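# Overview (structure and organization)
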Amino acid sequence: MKNFQLVKILFFLLLIVSLNTQTTNATTVEERPAYINGGDDGLLRDLYCYLSTVSLSQSDSIKGKCIFTFAISKNGIIDVETIKLARKTTLPDEYVNAAKEAVKHLGKFKPGKMNGIPKKVWYNLPIIYPIPLDKIIKSE
């Protein structure tokens, strides 16, 4: 029960931090980028589904968070050259590297806009371990 509450709290923190977007000149945009494949829920689903397929163990002993920052182009595509680790807790490097690869494999976004014009926008995405199993689509 405590683990479920912890995952729920971390999920809400994830959403709050992920809402923090800014343009390249550090002003906020009027319309933030939106993940085309299901919004915030779809983004988390795709991210954690990818992480669940890599060869990392699903051990509950690995707990932590890393935050990546990256640019979403005015075309809605993640600029993989801009993906940077903003902060890491006590995660092993292999987990951080897997998280970076998962970010690279995310789909397209509806671009952020300022005055109705698409803009390059910086996006912060926290990733938590262990993988929240409720975010993974189970195959039947």
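Everything in this summary refers to the structure shown in the same document. In this text, all values refer to a predicted model and were calculated from it rather than measured experimentally.

On to the pairing of strand β3 (residues 64–72). Of all nine residues in β3, eight are buried, a share of seventy percent or more. Summarising the sheet, β3 and strand β8 (residues 121–129) pair through nine bridges and their orientation is antiparallel. What sits directly across from isoleucine 67, in β8, is proline 126. Relative to strand β4 (residues 78–88), β3 runs antiparallel, the two being bridged by six bridges. Bridge assignment links cysteine 66 to a residue of β4, and that residue is lysine 88. Hairpin connection, β3 to β4: the antiparallel pair is bridged by five residues, and glycine 76 has positive phi, about 90°.

Next up on the list: helix α2 (residues 39–53). Its 15 residues place the ends of α2 21 Å apart at the C-alpha level, agreeing with the 21 Å of an ideal helix rising 1.5 Å per residue. Three or more residues of α2 are buried, namely Gly42, Leu43, Leu44, Leu47, Tyr48 and Leu51.

Applying the stated criterion across every chain, the model contains five salt bridges. With its nearest N and O atoms 2.9 Å apart, the salt bridge here joins lysine 110 to glutamate 31. One end of the pair, lysine 110, is in strand β5 (residues 109–110); the other, glutamate 31, is in the loop between β1 (21–23) and β2 (34–35), and 79 residues separate them in sequence. Judged by relative accessible area, lysine 110 falls into the partly exposed class, the value being 40%. Owing to a relative accessible area of 30%, glutamate 31 belongs among the partly exposed residues under this scheme. Here aspartate 93 and lysine 88 are joined by a salt bridge, their closest N and O atoms 2.7 Å apart. Classification of lysine 88 as partly exposed rests on a relative accessible area of 33%.

Turning our eyes to something else, we now look at unusual backbone geometry. With an omega of 5°, the peptide bond running from tyrosine 129 to proline 130 counts as cis. For proline 130, the position within the fold is in the segment after β8. For asparagine 115, which is not glycine, the phi dihedral falls at a positive 55°. In this fold, asparagine 115 is placed in the loop between β6 (112–114) and β7 (117–119).

Looking at soluble globular proteins, one finds that nonpolar side chains tend to be buried together. Core analysis: the largest hydrophobic core is formed by 29 residues, its most contacted members being Tyr48, Val103, Leu125, Ile127 and Tyr129. Elements with a minimum of two residues in this core: α2, β3, β4, α3 (93–104) and β8. At six residues, α3 tops the list of elements feeding residues into this core.

About the cut-offs
Residues numbered from 1 in each chain as written. Predicted model: local features only at pLDDT ≥ 70, side-chain atom pairs only at ≥ 80, totals over all residues. Heavy atoms only, no water. Buried < 20%, exposed > 50% of the residue type's maximum accessible area, 1.4 Å probe, protein only. Helix = DSSP H or I, 4+ residues; strand = E, 2+ residues; numbered from the N terminus. Pairing = 2+ DSSP bridges. Expected span 1.5 Å × (residues − 1). Salt bridge = Lys/Arg side-chain N within 4 Å of Asp/Glu carboxyl O. Core = buried A, V, L, I, M, F, W, Y, C linked by side-chain atoms within 4.5 Å.

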